[in-house]
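Chain by chain, the residues run as shown.
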Amino acid sequence: GSLLQPESLLDAAAKRVAGSWAFERVEGRFQRIPEPVQRRIVYWSFPRSERQICMYSSFQPGRAAAAPSPASAAA
């Protein structure tokens, strides 16, 4: 059988941060974040499940806030 590699400390920490804080808050709170750390936090910030990916990929900003068109209001 194949041996599994343990998760790196960088990935474990980045995953924890990404699961708790928005990246914008991390950037605003800490002034000097090394680029490799930033990349891993951003990587772990993206959704992992197929359901979440579908939900976020179908989201269209501005659509929900727009007033309904006369055609859709009549329906």
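So, here is what we can say about the structure in this document. On a predicted model such as this, the values are computed, not experimentally measured, just so you know. (Residues numbered from 1 in each chain as written. Predicted model: local features only at pLDDT ≥ 70, side-chain atom pairs only at ≥ 80, totals over all residues. Heavy atoms only, no water.)

**As for the overall build of the protein**
Argument step 1. Within the protein one finds five helices and zero strands.
Argument step 2. Written out in order from the N terminus, the α and β elements of the protein read α-α-α-α-α.
Argument step 3. For the protein, the residues scored as buried account for 9% of the 75 residues in total.
Argument step 4. When the accessible surface of the protein is summed, it comes to about 6800 Å², and 58% of that surface belongs to carbon and sulfur atoms. (Helix = DSSP H or I, 4+ residues; strand = E, 2+ residues; numbered from the N terminus. Buried < 20%, exposed > 50% of the residue type's maximum accessible area, 1.4 Å probe, protein only. Areas by Shrake-Rupley, 256 points an atom, 1.4 Å probe, with all protein chains shown as cover.)

**With respect to the packing of aromatic side chains**
Argument step 1. Counted under the stated rule, the structure contains two aromatic pairs.
Argument step 2. Ring geometry for Trp21 versus Phe30: centroids 5.8 Å apart, planes at 10°, classification stacked.
Argument step 3. Between the aromatic rings of Tyr43 and Trp44, the centroid separation amounts to 5.0 Å while the plane-to-plane angle is 85°, which identifies the pairing as edge-to-face.
Argument step 4. Under the relative-accessibility criterion, Tyr43 is labelled partly exposed at 40%.
Argument step 5. The partly exposed category is assigned to Trp44, whose relative accessible area is 21%.
Argument step 6. One Lys or Arg, Arg25, reaches over the ring of Trp21 and ends 5.4 Å from the middle of that ring.
Argument step 7. Here Arg40 stacks its cationic end above the ring of Tyr43, 4.4 Å away from the centre of that ring. (Phe/Tyr/Trp six-rings, centres within 6.5 Å; stacked < 30°, edge-to-face > 60°. Lys NZ or Arg CZ within 6 Å of the ring centre and 35° of its normal.)

**Comments concerning the nonpolar core**
Argument step 1. If you look at the biggest cluster of nonpolar residues, it comprises six residues: Ala14, Ala18, Phe23, Val26, Ile33 and Ile41.
Argument step 2. When residues of this core are traced back to their parent elements, those giving at least two are α1 (9–20) and α2 (23–29).
Argument step 3. Leave out the neighbours within four places in its chain, and Ile41 touches Ala14, Val17, Ala18, Phe23 and Val26. (Core = buried A, V, L, I, M, F, W, Y, C linked by side-chain atoms within 4.5 Å. Contact = heavy atoms within 4.5 Å.)

**Regarding the pattern of salt bridges**
Argument step 1. Evaluated as defined, the whole model comprises three salt bridges.
Argument step 2. Put simply, Lys15 and Glu7 hold a salt bridge, and the shortest N to O gap is 2.7 Å.
Argument step 3. We classify Glu7 as partly exposed; its relative accessible area is 44%. (Salt bridge = Lys/Arg side-chain N within 4 Å of Asp/Glu carboxyl O.)

**Some points on the packing of α1 against helix α3 (residues 35–45)**
Argument step 1. The interhelical angle for the contact between α1 and α3, taken along N-to-C directions, is 55°, at an axis separation of 8 Å. As far as their axial angle goes, α3 and α1 are oblique. The handedness of the crossing between α1 and α3 comes out as right-handed. Here Leu10, Asp11, Ala14, Lys15, Val17 and Ala18 of α1 lie close against α3, whose contacting residues are Pro36, Val37, Arg40, Ile41, Trp44 and Ser45.
Argument step 2. Looking at the contact of α1 with α3 residue by residue, the class counts come to eight nonpolar, one polar and three charged. (Axes fitted to C-alpha atoms, helices over the stretch in contact; angles between N-to-C directions. Parallel < 35°, antiparallel > 145°, perpendicular 65-115°, else oblique. Left-handed = near helix turned anticlockwise from the far one by under 90°. Nonpolar A, V, L, I, M, F, W, Y, C, P; charged D, E, K, R; others polar.)

**Some details on the environment of Val37**
Argument step 1. Structurally, Val37 can be placed in helix α3.
Argument step 2. Note on Val37: relative accessible area 27%, which makes it partly exposed.

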